[in-house]
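Remarks on the overall topology
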Amino acid sequence: MKPTNILWINKKVVSLCFEATTGLDISVFRKVLLQHFPSLEEVTHSFDRVNLLFKSPIEEETILKKIAQLDWNQLKREQPTYYWEIPICFNEQYPNDLAQIFQGDKNAIDHYRTVFLSATYRLEFYGFLPGFGYLSGLPKQCHLDRKLTANRKTLKGTVAVGGEQVGVYPQDSPGGWQAIGYSPLPWIQAKQAPYVFIQPGEAIRFVTVDLQECKAIAKGIETGHYQPKKVLL
Amino acid sequence: MIKVMEAGFYTTIQDQGRFGFRHLGVPTSGPMDSQAFRLANALLPLKDEQTVFECTLTGPILEINAPLRFVVTGANVPIDLDGQPCAMNQVHFAPKGSRLKFGKISTGVRFYLRFEAIFDLPKYFDSVSFYPALGSPSRLEKGDELSIVSFPNHTKVAHAKVNIAQDYLRLSKLDVQPGTDWERLTTAQQKQLMEETHKVLAQNRMGYRLSSTIVVTAPQLLSQLILPGMVQLTPSGEILIATADCQVSGGYLQVLCLSEEALAVLVQKREGEQLTFRNTLPQKQP
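All values derive from a computational prediction rather than experimental measurement. (Residues numbered from 1 in each chain as written. Chains lettered and ligands numbered in written order. Predicted model: local features only at pLDDT ≥ 70, side-chain atom pairs only at ≥ 80, totals over all residues.)

A word on the overall build of chain B. Counting its secondary structure elements, chain B contains 3 helices and 22 strands. Whereas a compact globule of 286 residues would reach a radius of gyration of roughly 19 Å, chain B reaches 20 Å, a difference of no more than 12%. Overall, chain B is about 60 × 40 × 35 Å in size when its C-alpha atoms are taken along their principal axes. Within chain B, contacts between residues separated by at least 24 positions form 76% of all contacts whose residues are at least 6 apart in sequence. (Helix = DSSP H or I, 4+ residues; strand = E, 2+ residues; numbered from the N terminus. Rg over C-alpha atoms; globule rule 2.2 N^0.38 Å. Contact = placed C-beta atoms within 7 Å.)

Next comes the structure, spelled out in structure tokens:
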């Protein structure tokens, strides 16, 4: 798997494009890249791009040569052996755009939720906001167009769908994705490493909880008694 | 110790920003106007310590309880140290117990106040830059006290005014290069974007929202890396220009990219001001 295109974003940043469908496993490859390019400040990635952010301006020729030397096959993804269980609450106390999307059709909403819960997701990468994980694996019939105009405030904990992507808002924020449920689990903490408990490349399943369970989990998190569950696949 | 007697409209603490955490979704933050920030640090260097006060629209009133040198850069603002006017872009000395305040900004939005001191400030992901989502305050508040770890006790000040161009504050053309989604626009849309005058509708540390009349039929794009200076076009036809606290990724069309100089010009503009883009030829092709 080689980059299909190279985008020179600015003097210090270059993006390598890949076929979106192949699925990168950059979680392992990050380390390789950081070693291979000693002048890198950071490596980030999206569904289909690897972004190399250098400390100082780069020379195209040097970078191209170094890119050619890499064994891109290492990017092949491995099958996860376990998944993280993420609680999701569909209680109407929490904002939900499904009612509007399906014009109140309860059967359609229930069907959407069932399909949504049946899927195994994969944390592709963090972006947008601190601790916002972009999840892949959303079944096609659950894809929802983004809102035309972002709303002023999507609440912290909102599980949302933007096109084929899924994510959980780690803080209150303007947002253009459709709210489908609520999850009380924080994905990031700033105090010390490890800052996140789910690593890119790991699998996730959503498990429905009622309002009472949801509040109990939130309380458990507050007191430090709740640990996210890891389940063997 | 420095005591905040009045906080001003929106005053934050910034250092160079946090790097190495964008893969966790953590923005870099740091100064909005990196030119003014660098100038403040060049005029008053102190080891690796680059902390400044970023003051927006109205400056703070500070009580300075240590003998400290300071400098002010960025937006043009009258500086008052115990009733004495001080020039911008020039090192001054504030004796212990003095009071520093600021008048009305004449040009620009943000000015940078740098003290020659190391402050005792909590770090979040290796940086003291305020970014509330990580647990820091969002801005300084009246009554805040910033304790000082050490200061070099220099008193020497430069009497000759440093001749530094503040001209950038008056520019209204932003130098840009095509962004990664430039080719997705029709020739007519490209022309419209480059020829139209865009009004600043709203702005904060995350970004600038500018007017446009371009209507794009939005493809559902995958989210990609966003850097300060990237110009995005929303389906509702608004222009969003990412700045210091911008999210690290997003799915709008990335149509243009501001030069570093243009970004400094932008972040000194207020709501209602008019801007145009100026295409600088693509310097490089892969």
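Next up on the list: the overall build of chain A. Scanning chain A for helices and strands turns up 5 helices and 14 strands. By the compact-globule yardstick of 17 Å for 233 residues, chain A fits well, its C-alpha radius of gyration being 19 Å. Considering chain A as a whole, with its 233 residues, one finds that 35% of them fall into the buried category. Long-range pairs, those at least 24 residues apart, make up 61% of the contacts in chain A between residues at least 6 apart in sequence. (Buried ≥ 20, exposed ≤ 12 C-beta atoms within 10 Å, placed from the backbone.)

With that settled, consider the sheet that holds strand 15 (residues 198–203) of chain B. Residues and elements named next belong to chain B. In space, the 7 strands of this closed barrel follow the order 14-21-18-19-16-15-22, with mixed pairing throughout. On average, each strand axis in the sheet is inclined to that of its neighbour by 40°, with strand direction left out of account. For strand 18 (residues 230–233) and strand 19 (residues 239–242), the ladder comprises 3 bridges, and the chain directions are antiparallel. Considered in strand 19, the bridge of Q232 is made with L240. (Pairing = 2+ DSSP bridges. Axes fitted to C-alpha atoms, helices over the stretch in contact; angles between N-to-C directions.)

With that settled, the discussion passes to the domain arrangement of chain A. Segmentation of chain A into domains returns domain 1 (5–75) and domain 2 (82–232). Among the residues making up the side of domain 1 of chain A that touches domain 2 of chain A, the classes are represented as 2 nonpolar, 3 polar and 1 charged. (Domains from an automatic or database assignment. Nonpolar A, V, L, I, M, F, W, Y, C, P; charged D, E, K, R; others polar.)

With that out of the way, let us pick up the nonpolar core. Core analysis: the biggest nonpolar cluster contains 128 residues, and A40(B), V231(B), I241(B), L258(B) and L266(B) have the highest contact counts within it. For A40(B), the contacting residues outside a window of four places in its chain are V52(B), V71(B), T73(B), Y112(B) and R114(B). (Core = buried A, V, L, I, M, F, W, Y, C linked by C-beta atoms within 7 Å.)

Residues and elements named next belong to chain B. With antiparallel pairing, 5 strands are arranged side by side in an open sheet as 2-3-10-5-8. Bordering the open sheet on either side are strand 2 (10–14) and strand 8 (92–94), each of which pairs with just one other strand. Each strand axis lies, on average, 30° off the axis of its neighbour in the sheet, ignoring direction. With 5 bridges connecting them, strand 2 and strand 3 (residues 52–56) associate as antiparallel partners. Note on strand 3: the bridge partner recorded for T11 is C55. With respect to the sheet, helix 1 (residues 34–43) is in contact with strand 3, strand 5 (68–76) and strand 10 (107–115), its orientation differing from that of strand 5 by roughly 155°.

Further remarks concern unusual backbone geometry. Glycine aside, negative phi is the norm for most residues, and most peptide bonds take the trans geometry. Residues and elements named next belong to chain B. Although it is not a glycine, K47 sits at a positive phi angle of roughly 50°. Mapped onto the elements, K47 comes out in the loop between helix 1 and strand 3. Residue class for K47 comes out exposed when judged on the 8 C-beta atoms lying within 10 Å of it. The phi angle at N89 is positive, at roughly 55°, despite the residue not being glycine. Residue N89 is classed as partly exposed on the basis of its 19 C-beta neighbours within 10 Å.

On to the domain arrangement of chain B. Residue and element names in this part refer to chain B. Along its sequence, chain B is organised into domain 1 (2–166) and domain 2 (171–279). Placing the centre of domain 1 and that of domain 2 at their C-alpha centroids yields a distance of 28 Å. On the domain 2 side, the residues contacting the 16 residues of domain 1 number 13 residues. Looking at the side of domain 1 that touches domain 2, the elements with two or more residues in it are helix 1 and strand 10. Residue composition of the side of domain 1 that touches domain 2, by class: 6 nonpolar, 7 polar and 3 charged.

Our next topic: the interface of chain A and chain B. Counting residues at the interface gives 38 residues for chain A and 29 residues for chain B. Examining the composition of the side of chain A that touches chain B, we find that 5 residues originate from one element, strand 1 (residues 5–10) of chain A, more than from any other. Classifying every residue of the side of chain A that touches chain B by side-chain character gives 19 nonpolar, 12 polar and 7 charged.

Per-chain confidence: chain B averages 93 in pLDDT, with 95% of residues scoring 70 or above. Overall fold confidence for the complex sits at a pTM of 0.89, while the interface term, ipTM, reaches 0.87. (pLDDT = per-residue confidence, 0-100.)

With that settled, the discussion passes to the environment of F29(A). All names here are of chain A. By secondary structure assignment, the location of F29 is in helix 1 (residues 26–36). Among the residues examined, F29 registers 21 C-beta atoms within 10 Å and is labelled buried. Residues F29 and V43, spaced 14 residues apart in sequence, show a C-alpha to C-alpha distance of 9.7 Å.

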